[in-house]
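Chains, contacts and geometry: an overview
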Amino acid sequence: MSTALTREQADLRQTVADLLAKRSPQAEVRRLMASDDGYDPSVWSELAALGLLGLVIPEEFGGSGAGAAELAVVSEQMGRALLCAPFLSAAVLTPYLLLALDDTAECAEVLPQIAAGELTTAVAFAESGSARPPRHPATTAVRTTNGWSLTGEKIYVLDGVGADRYYVHAESDSGVGIFAVDPGAAGLEVTALNTIDQTRRQARLTLADTPARLIGTAGAGAIALDTALDRAAVALLAEQAGGTMQCVQMSTDYARTRYQFGRAIGSFQAIKHLCVDMLLEAESACSAARHVAAAFDAGEPNRMTDLALAQAYCSDAFCSVAAATIQVHGGIGFTWEHPAHLYLRRARTDAQIFADPAWHRERYVRIREES
Amino acid sequence: MTDDDIRTEVRQWLAQNWDPGADRAEWAQRVFDAGWSAPSWEPEWGGRGLSDPQSRIVAAEFAAVGARGAGADRADMLACTVRDLGTDEQKERLIPPSVRGETRWCLLYSEPGAGSDLAGLRTRAERDGDDWIVTGQKVWTSFATTADYGLLVARTDFDVPKHQGISFFIFPMRQAGVEVRPIHQITGESEFNEVFITDARVPHANLVGEAGGGWSVLQLALAHERRLMGDLARTSKSSGELKPDADSLITMARAAGRLADSHIRQEIAVAEGYAAVNRWNTLRAKSTRDKAEAATLLSLGKIAMSRILHETARVQTAIVGPEAMLCGTDSPIGDAVTFRTLNAYFTSIGGGTDQIQRNIVGERVLGLPREPEPYRDTAFRDLPH
């Protein structure tokens, strides 16, 4: 198992970096933060044209069936650029969920459209109080004459506003299932949440006797969702690593060029040592993200403990390095116009969206205890 | 020759020649004559002109059967330095006995007043006919009591800036005027010594490089030392590296009845997270083809290891609780936890403090500017101290 990039992966990284340099510079990020949709459909189409939206979708469903390593390469660049797009929800979490549910009809209908950039989706699993799916969701699914009907409330739904289809996690009399809900369905109300990070939109879904279709089998939803969240975490880790690396870059560039007391501030050990500690966090986060991706591709037996440690580590690393980035920049870092706070906002969101670091640390110890 | 050819040849040679009961001197000579002592060097210095990685293969094969005598081209600081910069006379006189293990060496670099700022050293050497007379104090010297020679940096000119007045000597240790006292470390161990030097003599013939040119000789000697430390860190089990059985904290917490404590569980995962990312950094450094990426990762290794050792000891302290107040054979667990707590400073101070390492990484990796040096052109004699 190696974390070294192959030539193809290095080319992929360059392609994505070039695209994002052109299509997701800070001015664009700012524009999309203030927009209603939160992303640029023309950029979404370009991602599709490059095959990035079908990256983890198998070839039989219109994708390229790439591995976790390729996903990490792409996500690292997206995290660096704070790309505003529903990539994590629609192009990563949804395909992994549908594949885990093994619902061929749904896969055949939806995945090619996702790969082509024609359809966006959101997965609604969290309920108030936890970003993780509850073991027994309060959202319930009951059978109707021609399908199912959902009632309940889902929160922290990533890219939930404007999605073309929702996959909702709900409790039925046959166990926890995943149910497809159309945005125009009766009794469905989608409300945008006020989020600290405007580059990553979230919604609240309220469902009242809302018609829904069961995906896969009832009772298979909990395990499929956990599997999908863990595989999608590879992308989140890489985004966090990329964001952390970018913060170090910004901070050291500033420390080299900002003069006070007749010296570049980076010549002061107080700043220099802070930057080195940030570099250690960033490189470690990067190694963690790539290692976990490789471990998933190789089916390593320790991949779940490695994932748990990596999710805790990368969340903490991104938060602390983004915070230190503001400090290194001093006054300018405290202004809205400077991008430092955008990374801290993203970092603090990423450190919650698939559960907080303490949850992952507890998970690590629990798995080790049981083994 | 390919790596496999070398491996085969050295294995065959060892199979035919290695005898665990062999006389030490005789064995050393045989290894030397065969060119295994310093495989990457010329035959006259116990080598056979192999590449550096091939030399490591030879050393690994020797280590695998428990045979001594290979790898002087990486491990013998005296021979490495003299081979680089010594005169022909010095090479012939000093290298073969050192490579064969007939003479032993120690390092006389640090002083009580010259640690991080080694160039501020004050040990003085004054010319007296064919000799130099040395007076001063050195610290952190391993193996000082068994050494025949010390690699010594001493000030030979106080009237030039500090880096320019230093000379490098191969200093005879076994003489009146050299007193070795063990240093008692905070752990209770004594691995290092202080060396007090009073009017001791070193022949001018043992000056390496020019008088006043010792700083650049030292840089080469230190480069050899860093390479050796890197080798040891990769291979030695006792190099402070956390054992791969990452469940040791869990085992310890379970034994202490603390594994149900949610705070302890969090702390365990924090400490093991540091160890895990360091393993992944090392793996990434080894697998990448990007030399700058590898160099960046390796430069962070020391700081990362300090963090692992200090944090692991901190979590162990939290696990054992009041037992951490006790030591000795009655309280082996408390004893071990305190030892690890204190011994972590071996890594965060030894071989250059973590703070100096952060300067180095900040300047060489991140390209941040150096501190201004207001005394760069000031004669050593005039420096504030």
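Conventions and cut-offs
Residues numbered from 1 in each chain as written. Chains lettered and ligands numbered in written order. Predicted model: local features only at pLDDT ≥ 70, side-chain atom pairs only at ≥ 80, totals over all residues. Helix = DSSP H or I, 4+ residues; strand = E, 2+ residues; numbered from the N terminus. Rg over C-alpha atoms; globule rule 2.2 N^0.38 Å. Buried ≥ 20, exposed ≤ 12 C-beta atoms within 10 Å, placed from the backbone. Contact = placed C-beta atoms within 7 Å. Nonpolar A, V, L, I, M, F, W, Y, C, P; charged D, E, K, R; others polar. Pairing = 2+ DSSP bridges. Domains from an automatic or database assignment. Core = buried A, V, L, I, M, F, W, Y, C linked by C-beta atoms within 7 Å. Axes fitted to C-alpha atoms, helices over the stretch in contact; angles between N-to-C directions. Parallel < 35°, antiparallel > 145°, perpendicular 65-115°, else oblique. Left-handed = near helix turned anticlockwise from the far one by under 90°. Arc of directions from axis to C-beta.

**With respect to the overall build of chain B**
Looking only at helices and strands, one finds 13 helices and eight strands in chain B. Since a compact globule built from 385 residues should have a radius of gyration of about 21 Å, the 23 Å found for chain B is in line with a globular shape. Principal-axis analysis of the C-alpha atoms places the extent of chain B at approximately 75 × 60 × 50 Å. A burial count over chain B gives 38% of its 385 residues as buried. Here the analysis covers contacts within chain B between residues at least 6 apart in sequence; of these, 65% occur between residues at least 24 apart.

**Overview of the overall build of chain A**
Along the backbone of chain A there are 11 helices and nine strands. Taken over C-alpha atoms, the radius of gyration comes to 21 Å for chain A, in line with the 21 Å a tight globule of 371 residues would show. For chain A, the spread of C-alpha atoms along the three principal axes comes to 80 × 45 × 40 Å. In chain A, buried positions account for 57% of the 371 residues.

**A short note on the interface of chain B and chain A**
On the side of chain A, 34 residues touch chain B, which itself brings 36 residues to the contact. Of all the secondary-structure elements, those providing two or more residues to the side of chain B that touches chain A are α9 (262–287), α10 (291–299), α11 (301–320) and α13 (354–364) of chain B. Top contributing element to the side of chain B that touches chain A by residue count: α9 of chain B, with 14 residues. Considered class by class, the residues forming the side of chain B that touches chain A number 18 nonpolar, 10 polar and eight charged.

**Here's the deal with the pairing of strand β7 (residues 193–203) of chain B**
Residue and element names in this part refer to chain B. Summarising the sheet, strand β3 (residues 131–141) and β7 pair through eight bridges and their orientation is antiparallel. Its bridge partner lying in β7, Gln 137 is registered against Phe 196. With five bridges connecting them, strand β6 (residues 178–182) and β7 associate as antiparallel partners. What sits directly across from Val 180, in β7, is Val 195.

**A few points about the domain arrangement of chain A**
Put simply, an interface is often sized by how much accessible area is lost when its parts join up. All names here are of chain A. Segmenting chain A into domains produces domain 1 (7–119), domain 2 (122–222) and domain 3 (225–370). Between the C-alpha centres of domain 1 and domain 3 there is a distance of 21 Å. Each partner contributes residues to the interface: domain 1 has 20 residues there, and domain 3 has 25 residues. Elements supplying a minimum of two residues to the side of domain 1 that touches domain 3: α2 (26–33), α4 (68–81) and α5 (87–101). Per element, the largest residue contribution to the side of domain 1 that touches domain 3 is 10 residues, and it comes from α4.

**A look at the nonpolar core**
One finds Leu 97, Phe 179, Val 234 and Ala 289 of chain A to be the most contacted residues of the largest nonpolar core, which totals 169 residues. Per-element tally for this core: the top contributor is helix α7 (residues 221–257) of chain A, with 18 residues. If sequence neighbours within four positions are ignored, Leu 97 of chain A has contacts with Val 123, Tyr 167, Ile 178, Ala 224, Leu 225 and Ala 228 of chain A. Core analysis: the second largest hydrophobic core is formed by 56 residues, Ala 70, Cys 80, Leu 107 and Val 195 of chain B among them.

**Some points on the packing of helix α8 (residues 248–255) of chain B against α11 of chain B**
All names here are of chain B. With their axes 9 Å apart at the nearest point, α8 and α11 run at an angle of 15° to one another. If you check the angle between α8 and α11, you find them roughly parallel. As α8 runs across α11, the sense of the crossing is right-handed. Contacts from Leu 249, Met 252 and Ala 253 in α8 reach Val 315, Gln 316 and Ile 319 in α11.

**Observations regarding the environment of Glu 239 of chain A**
Residue and element names in this part refer to chain A. Inspection of the secondary structure assignment puts Glu 239 in helix α7. Judged by local crowding, Glu 239 falls into the buried class, with 29 C-beta atoms found within 10 Å. Sequence separation between Glu 239 and Glu 127 is 112 residues; the distance between their C-alpha atoms is 24 Å. With near-sequence residues (within four places) excluded, Glu 239 lies in contact with Ser 75, Met 78, Gly 79 and Asp 350.

**Let's talk about the environment of Val 195 of chain B**
Residues and elements named next belong to chain B. Note that Val 195 resides in strand β7. Each C-alpha atom, one on Val 195 and one on Leu 326, is 34 Å from the other, the two residues being 131 residues apart in sequence. The contact partners of Val 195, leaving out residues within four places of it in the chain, are Leu 108, Lys 138, Thr 141, Ala 144, Val 178 and Val 180.

**Section: the packing of α4 of chain A against helix α8 (residues 269–298) of chain A**
Residues and elements named next belong to chain A. Packing of α4 against α8 brings their axes to within 8 Å, and their N-to-C directions diverge by 155°. Considering their axes alone, α4 and α8 lie roughly antiparallel with respect to each other. Residues Ala 68, Ala 69, Leu 71, Ala 72 and Glu 76 of α4 form the contact with α8, whose own contacting residues are Ala 289, Arg 290, Ala 293, Ala 294, Phe 296 and Asp 297. Taken together, the residues of the contact of α4 with α8 break down into eight nonpolar, no polar and three charged.

**Observations regarding α8 of chain B**
Leu 249, Ile 250, Met 252 and Ala 253 of chain B are the residues of α8 of chain B that are buried. Around the axis of α8 of chain B, the buried residues are gathered within 160° of arc, so they sit on the same side. Across from the buried face of α8 of chain B, at angles greater than 90 degrees, the exposed residues are Thr 251 and Ala 255 of chain B. Buried residues belonging to α8 of chain B abut α11 (357–370) of chain A together with α9 and α11 of chain B. Gly 257 of chain B sits one or two positions beyond α8 of chain B and adopts a positive phi of about 70°.

**As for unusual backbone geometry**
For Leu 82 of chain A, which is not glycine, the phi dihedral falls at a positive 50°. With respect to the helices, strands and loops of the structure, Leu 82 of chain A is situated in the loop between α4 and α5. Even without glycine at this site, Asp 199 of chain B takes up a positive phi of about 50°. Locating Asp 199 of chain B in the fold gives a position in strand β7.

**Overview of the pairing of strand β2 (residues 124–128) of chain B**
When a strand is regular, its side chains alternate between the sheet's two faces. Residues and elements named next belong to chain B. Sheet topology note: the β2/β3 ladder contains five bridges and is antiparallel. Looking at β3, one finds that Ala 125 is bridged to Val 134. Hairpin remark: β2 followed by β3, antiparallel, with two residues in the connecting loop; positive phi at Gly 129, about 65°.

**Topic: the domain arrangement of chain B**
With domains assigned, chain B is organised as domain 1 (3–75), domain 2 (105–217) and domain 3 (240–364). Here domain 1 of chain B and domain 3 of chain B have C-alpha centroids that lie 35 Å from each other.

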